[in-house]
Amino acid sequence: MGFLHRHRWLTPYGLLAAGLGWLAVFFVVPMYYLAATSLKSGDIDFGYAFTWAWGNYAHALGRYQEQLLRSLEYAGIATLAAFLISYPLAYWIAFRGGRWKNVLLLLVIAPFFVTYLIRTLAWQTILADDGPVAGFLRTIGVLGADGRLLATSFAVVAGITYNFLPFMALPLYASLEQVDKRLVEAAEDLYASRPVAFFKVTFPLSLPGVFAGTMLTFIPAAGDFINAQLLGTPQQAMIGNVIQSRFLVLNDYPEASALSLVLMLAIVGIVVVYARALGTERLGT
Amino acid sequence: MSATADVRLERVTKHFEDVVAVDDLSLEIPSGSFFAMLGPSGCGKTTTLRMIGGFEQPSEGRIFLGESDVTGLPPYRRAVNTVFQSYALFPHLSLFENVAFGLRRKGVKGDEVKKRTREMLELVGLGGFEKRRPRQLSGGQQQRVALARALVNRPRVLLLDEPLGALDLKLRRQMQLELKRIQNELKITFVHVTHDQEEAMSMADQIAIMNGGRIEQLGGPADLYEKPATAFVAGFLGASNLLDGEVCGADAVRIADGTVLRVAAGALAGRTGGSVAVGVRPEKLRLDASGVNVLRGTVTETSYVGVSTQYIVETPAADLVVYVQNAAPGAGTLAPGSAVSLSFDPEVAFVVDHV
């Protein structure tokens, strides 16, 4: 009789070990160092020392509040836009895709075959002042004669929306695909018109996908810095740009760490409120 | 056209691409009746039900509910409700909200919704379960919720699409009685689709036996059983023995071995010749020579099933199935190989066209 055979209760822990180890090494330990660094003081030339420097937080919040709020705002708008674009798309694929379902899903994730950076650079060309989109919008008068798309908030939000769209579309598809079409028939049998049946049955049943999709879009979008850097100007800087430059350009590790933790706590706070609002009980079904 | 028909189908045809599911079907379902559509899978019974419900539109023909032509109307504009085979309960809603769904859509007031929903849950024996979710219920309970959810709307017609198919035998029998009770109580027209002949016979006032998109025969359970019009009906509804032969008189048929069988006057329905089959139900054959028509043969198989003993008897004309009721205890069983006489009287036999 082997050891594992006699101690079968160990099996689930054994299966979890790899994941827990990963989490410990790549999440818990870095979080510890991040938190410790955020409370240090000093400078890059003379070294940083741990001094319970809570002032870093006050300073970071005071100075970069604007970028922090802008990040949450851009991420929120991009998430909403991605939702409005993805929902009809996912709905159509799930309910009408038929034998083309897999091909259509492949098309949704096709952009991932190209690097994130390259895709975002492509948007520079698309939105360029002498590009086709800006030209067209000037012609129909939506954009003024010297109006531009690139280097605006619109460009940054559009870039984020585009880049994270599949993260929204796939979970939505997964939950819509599972909605029993016969429930829609039952709703229509019970005097619900098509739109009412959608809002009373299909949509509530797709909420787990809505929740997963918005989380997977909002969280990385709030910390993104590529879109703001390539498609915006310092006026569109997000908190990710600040953190990136404080870490890698200015070597101000304590304040960069403090900002990172502030962003994380802000996101956790928003997620908790959002999950409550959507109703955890409904998500369980 | 009868003024008391709740559902009327006029020459309805439905095809899906090349397949004809329902073929030129006309039908009237009397108000307040329990009407069953019975047939093998693919006979068009479910498609017919779905056309009454509005889930499918007929390729040709018209559908009336009462006096109004509902052809082309979507389900939510028809005064019918359906109990689905899969129940199709809304998993995200409580029982109360499931049952109240239709009332809320119709804009019934809150107090009234509460009262009618509670009453209906009481009627199906689920009072006090209002807050539960469908997945917390057993199959039989879900079935009752599906029934309550449809009936609470007081539909003109209730459609039941094989509603008992997923239940085990005991529960199914129990639900059959309950459905019958509820129908008696509410006097709503029930249209019930099933492939279970016993279920149709025990519940329905009228049964339409369907085959190949058409109604093979329509009538009360006893009519269909005693006087099936076609070999298909005779075979689908219960067991029957068919003896092929030729008409040889106003009330006589000569079967394969040369025996002339007497049938009731009128059973030949005016036939004066041609190939027919004389049918006799297994329980109507007697193991003696006392009847008008007598056949001789040998027992080849016996099986004791409690209420009766079933024999297969080989005769020169055909192998016949015979059920003998075990009315008295210890009424011995014939061993295979025994020579027996079988007899029946003309009035228990029926005649169908030769297949």
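Visitor: Tell me about a nonpolar patch on the surface, and please be specific about residues and values.
Guide: All names here are of chain A. Judged by side-chain polarity, Leu-106, Phe-113, Val-114, Leu-117, Ile-118 and Leu-121 come together as a nonpolar surface patch covering roughly 570 Å² of accessible area. Sorting elements by how many residues they give to the nonpolar patch places helix H5 (residues 116-127) first, with three residues. Tracing the backbone through its elements, the reader meets Leu-117 in helix H5. Under the relative-accessibility criterion, Leu-117 is labelled partly exposed at 42%.

Visitor: So what's going on with unusual backbone geometry? Which residues, and what values?
Guide: Residue and element names in this part refer to chain B. Although it is not a glycine, Asp-24 sits at a positive phi angle of roughly 50°. Here Asp-24 is to be found in strand E2 (residues 19-30). With relative accessibility at 30%, the residue Asp-24 sits in the partly exposed group. Positive phi, close to 70°, is recorded for Tyr-87, a residue that is not glycine. You can see Tyr-87 is positioned in the loop between strand E6 (80-83) and helix H2 (95-105).

Visitor: Go over the packing of aromatic side chains, please, and point to the residues and values.
Guide: For any two aromatic rings, the description comes down to two numbers: the centre-to-centre distance and the angle of the planes. All names here are of chain A. Within the structure shown, the criterion is met by 24 aromatic pairs over all chains. Residues Tyr-87 and Phe-198 carry aromatic rings whose centres are separated by 5.8 Å and whose planes lie at 85° to one another, so their mutual orientation is edge-to-face. One end of the pair, Tyr-87, is in helix H3 (residues 55-96); the other, Phe-198, is in helix H9 (residues 194-205), with 111 residues separating them in the sequence. Following the ring pairs from residue to residue traces out a cluster consisting of Phe-83, Tyr-87, Tyr-91, Phe-95, Phe-198, Phe-199 and Phe-203. Over the ring of Phe-95 we find Lys-181; its NZ or CZ atom is 4.6 Å from the centre of that ring.

Visitor: Quick one: what's the story with the pairing of strand E12 (residues 252-255) of chain B, residue by residue and with numbers?
Guide: Side-chain direction in a regular strand flips from residue to residue, so the side chains alternate between the two faces of the sheet. Residue and element names in this part refer to chain B. In this structure, strand E11 (residues 241-249) lies alongside E12, joined through four bridges in antiparallel fashion. Within E12, the position partnered with Gly-245 by the bridge is Ile-255. What sits between the antiparallel neighbours E11 and E12 is a turn of two residues. Counting the residues between successive antiparallel strands, the hairpin from E12 to strand E13 (residues 260-262) contains four residues, one of them, Gly-258, with a positive phi of roughly 95°.

Visitor: Before we move on, can you summarise the sheet that holds strand E16 (residues 308-314) of chain B with the specific residues and values?
Guide: Residues and elements named next belong to chain B. In space, the four strands of this open sheet follow the order E17-E16-E15-E18, with antiparallel pairing throughout. Two strands lie at the open edges of the sheet, namely strand E17 (319-325) and strand E18 (339-344), each paired on one side alone. When the angles between neighbouring strand axes are averaged without regard to direction, this sheet yields 50°. In terms of strand pairing, strand E15 (residues 293-304) meets E16 through six bridges, oriented antiparallel. Bridge pairing in E16 places Thr-302 opposite Tyr-311.

Visitor: Please set out the interface of chain A and chain B residue by residue, giving values where relevant.
Guide: On the chain B side, the residues contacting the 19 residues of chain A number 24 residues. Counting the surface lost from both chain A and chain B, the interface buries some 2000 Å², and carbon and sulfur atoms represent 64% of this. Of all residues in chain A, Asp-189, Leu-190 and Tyr-191 of chain A bury the most surface against chain B, accounting for 38% of the area lost on that side. Notably, a salt bridge pairs Arg-50 of chain B with Glu-185 of chain A, separated by 2.7 Å at the nearest N-O pair. The interface formed by chain A and chain B contains six residue pairs in polar contact (both at pLDDT 80 or more). For the side of chain A that touches chain B, the secondary-structure elements that each account for two or more residues are helix H8 (181-189) and H9 of chain A. Top contributing element to the side of chain A that touches chain B by residue count: H8 of chain A, with seven residues. When its residues are assigned to classes, the side of chain A that touches chain B shows ten nonpolar, two polar and seven charged.

Cut-offs used in this document
- Residues numbered from 1 in each chain as written.
- Chains lettered and ligands numbered in written order.
- Predicted model: local features only at pLDDT ≥ 70, side-chain atom pairs only at ≥ 80, totals over all residues.
- Heavy atoms only, no water.
- Patch = residues over 30% accessible without salt bridge, like charges linked within 9 Å, V, L, I, M, F, W, Y side chains within 5 Å.
- Areas by Shrake-Rupley, 256 points an atom, 1.4 Å probe, with all protein chains shown as cover.
- Salt bridge = Lys/Arg side-chain N within 4 Å of Asp/Glu carboxyl O.
- Helix = DSSP H or I, 4+ residues; strand = E, 2+ residues; numbered from the N terminus.
- Buried < 20%, exposed > 50% of the residue type's maximum accessible area, 1.4 Å probe, protein only.
- Phe/Tyr/Trp six-rings, centres within 6.5 Å; stacked < 30°, edge-to-face > 60°.
- Lys NZ or Arg CZ within 6 Å of the ring centre and 35° of its normal.
- Pairing = 2+ DSSP bridges.
- Axes fitted to C-alpha atoms, helices over the stretch in contact; angles between N-to-C directions.
- Contact = heavy atoms within 4.5 Å.
- Buried area = accessible area lost by both parts, 1.4 Å probe.
- Polar contact = N/O pair within 3.5 Å; in protein donor to acceptor, adjacent residues only side chain to side chain.
- Nonpolar A, V, L, I, M, F, W, Y, C, P; charged D, E, K, R; others polar.

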